[in-house]
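Residue strings, one per chain:
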Amino acid sequence: MENKRRLIVLIAPPAIVLAIFFLAPLVIMLLYSFKDSTFGPMLPLSVKHYMIFLQTPSFFRLLLDSSKLSFLTAALSILMAFPVAYFLVFYTGARRIILLTLLILPAWTSFLLRVLAWKVILGSNGLLNQLLISVGLISEGAPILLYSQSAVLITLVYVWIPFAALPLFAAMERIDPRLHEAAQDLGASPAQTFWRVTLPLTLPGMASAFFFVFIPTLGEWVTPTLVGGVSGIMYGNLIQDQFARALNWPLGALLSVVLLVLVAAFSYVFNRFIPITEVPVST
Amino acid sequence: MKRNFGKWLGWAYYLLLLLFLQLPILLLIVFSFNDSVLLTFPLKGFTLEWYRQLLGARELLNAARNSLVIGLISSGVATALGTMAGIAISRYNFPGREIFLNIATLPLVIPYVVLGVAMLILFQALNIGLSLWTITIGHAVINIPYVMLIVSARLSGFANNLEEAAMDLGATYWGTLMRITLPISAPALVAAFLSSFTLSFDEFSLAFFLAGTDNTLPVYLYSQLRFPNRLPLAITTAAVVILVSAVILLVSEWLRKVGTERKIRRGG
């Protein structure tokens, strides 16, 4: 009994704060998606915006495109981070923490500013175009990268590589070196050891890297705004636009609900494989 | 021989990736000293003019101060609440623990644009005007799960026999909490506070939706990006922020390394 009282004292404050400022907003957002208009009354509920959503193929297309882009971002970040994590864990001994820290240091600086850096590089007057013009590869005033989906992809991969590297690194560090010795003693070649011991044991790390890159990328709108232009917009821009410019809050709420459902489904599947508490936090 | 080749290849790749990740940041820093409004090569010459202007930019400094205050308050709140939750989940087995854990870690995975508009709708529905406080609340919410996981990871590295011993010797439960549990968690608390602070200080997407007339630094910088002639000042601010947050994070990582003898164990 005494124990129960203590637990309640500990858990009630965070639970109440999360209920009011985290759960309640999500519930209200769901209600809001049934609202008839932004400034009208809450009741009667209406499915007007659901109909609009269902009848607008471009919403689906953008959601699909954004999912593809997020998938690519996650896959490429992992692909680029994997060799470096492998090298650091298995080849660099005690120095690996220092080397890793150097590598992920950019990740600790502002997201917005890192995207800004790429705007400077990829911009039409940007450094990349200047370089290409000066070596004569393209002619003046023909921006090749800014305001396109590839610019968004490059910037996003740049932003997320460090976050993909951390779980991979953590997963590889947990591998008992004796397993490698055992595999070799039993006659496995280095390639066989990699495919049949190292890689399977790294899979949980890969899964969590994928998850933690894919999800935030799916809701992106800042990067597309800064480097993507019209052809590079993502689903998140659609939501942001309803609140910042179009002022169609019910539709914005609905678009958010759709994204939330997608994310929740994905988290649920992911969680069945890897409990979230076991995901390495920040390192 | 073969291993040497692999090692050589590994170093080459490491250095290449390091260059790719650091170069954009270095460019920002280099251009903050460049004597031109245009961000183009060749560099025009060395100047401290942008840094001088930075010291006189009232709005910008105001935004920076807002970010600082929001960072301190929201991290303080998140650290307190997250620590309570962290102690609860690592020291108690209670019905609903799984549900609580699932909900409390959800802010980690929810896209900020969704949480941002949801909170915006809530505040509007409750007739709460947007201000620096609404941003503070948003930042506290997203930081609670981080603190909770860092603290519970730290505590699960220690069996609770120290706490039991203290209580056997006559300490009250809350006395034990103050004199055993919290000191044990101290390095995690400091690290959690610092990483919450950095997250809040840099956070843009939530703050964008929850900001009233007063801006945080990222929101202010974003508003400046539309004006090309203000880009150098934005970049100079970026250079300062980057260097300061790098220092803060190196210290916090160091504290965490020193403080955490054990790693997060699987299946714990």
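Residues numbered from 1 in each chain as written. Chains lettered and ligands numbered in written order. Predicted model: local features only at pLDDT ≥ 70, side-chain atom pairs only at ≥ 80, totals over all residues. Heavy atoms only, no water.

### Section: the overall build of chain A
In terms of helices and strands, chain A carries twelve helices and zero strands. If one aligns the C-alpha atoms of chain A with their principal axes, the spans along those axes are about 80 × 75 × 30 Å. For chain A, the accessible surface area stands at approximately 12600 Å², while carbon and sulfur atoms represent 71% of it. Distance from the positive charge centre (16 side chains) to the negative charge centre (11 side chains) of chain A: 6 Å. (Helix = DSSP H or I, 4+ residues; strand = E, 2+ residues; numbered from the N terminus. Areas by Shrake-Rupley, 256 points an atom, 1.4 Å probe, with all protein chains shown as cover. Lys, Arg positive; Asp, Glu negative; His and termini not counted. Charge placed at Lys NZ, Arg CZ, Asp CG, Glu CD.)

### Observations regarding helix α12 (residues 249–273) of chain A
Relative to the 36 Å expected for 25 residues at 1.5 Å per residue, α12(A) spans 36 Å between its end C-alpha atoms, a close match to the ideal helical length. The opening residue of α12(A) is A:Asn248, an N-cap whose side-chain oxygen sits 3.3 Å from the backbone nitrogen of A:Leu251. (Expected span 1.5 Å × (residues − 1). Polar contact = N/O pair within 3.5 Å; in protein donor to acceptor, adjacent residues only side chain to side chain.)

### Observations regarding the interface of chain A and chain B
Facing the 88 residues of chain A at the interface are 86 residues of chain B. Summed over both sides, the interface between chain A and chain B buries roughly 8100 Å², with carbon and sulfur atoms accounting for 80% of that surface. In this assembly, chain A and chain B are joined by zero salt bridges. On inspection of chain A and its partner chain B, the count reaches six residue pairs in polar contact (both at pLDDT 80 or more). Examining the composition of the side of chain A that touches chain B, we find that 21 residues originate from one element, helix α1 (residues 2–32) of chain A, more than from any other. (Contact = heavy atoms within 4.5 Å. Buried area = accessible area lost by both parts, 1.4 Å probe. Salt bridge = Lys/Arg side-chain N within 4 Å of Asp/Glu carboxyl O.)

### What to know about the pattern of salt bridges
Pairing is possible between side chains of opposite charge, provided their charged atoms come close. Residues and elements named next belong to chain A. Counting across every chain of the model gives six salt bridges over all chains. Measuring nitrogen to oxygen at the nearest pair gives 2.8 Å for the salt bridge that ties Glu173 to Arg96. One end of the pair, Glu173, is in helix α7 (residues 149–173); the other, Arg96, is in helix α4 (residues 96–104), and 77 residues separate them in sequence. Note on Glu173: relative accessible area 24%, which makes it partly exposed. (Buried < 20%, exposed > 50% of the residue type's maximum accessible area, 1.4 Å probe, protein only.)

### Side note on the environment of A:Met80
Within the secondary structure layout, A:Met80 lies in helix α3 (residues 57–91). Overall, A:Met80 belongs to the partly exposed group, its relative accessible area being 28%. Sequence separation between A:Met80 and A:Asp176 is 96 residues, and the spatial gap between their C-alpha atoms is 24 Å. Beyond its immediate stretch of four places on either side in the chain, A:Met80 contacts A:Val157, A:Ile161, B:Tyr13, B:Leu17 and B:Phe20.

### Re the packing of aromatic side chains
Taken as a whole and assessed by the stated rule, the structure comprises 40 aromatic pairs over all chains. Seen in terms of ring centroids, A:Trp160 and A:Phe163 are 5.0 Å apart; in terms of plane orientation they differ by 55 degrees. Their pairing is tilted. Remark: A:Phe163 and A:Trp160 occur in helix α7; sequence separation between them is three residues, near one turn of the helix. The exposure class assigned to A:Phe163 is partly exposed, which follows from its relative accessible area of 26%. Among the aromatic residues, ring-to-ring pairing joins A:Phe82, A:Tyr86, A:Phe87, A:Phe90, A:Tyr91, A:Phe194, A:Trp195, B:Trp11 and B:Tyr14 into one connected group. Here B:Arg230 stacks its cationic end above the ring of B:Phe227, 4.3 Å away from the centre of that ring. (Phe/Tyr/Trp six-rings, centres within 6.5 Å; stacked < 30°, edge-to-face > 60°. Lys NZ or Arg CZ within 6 Å of the ring centre and 35° of its normal.)

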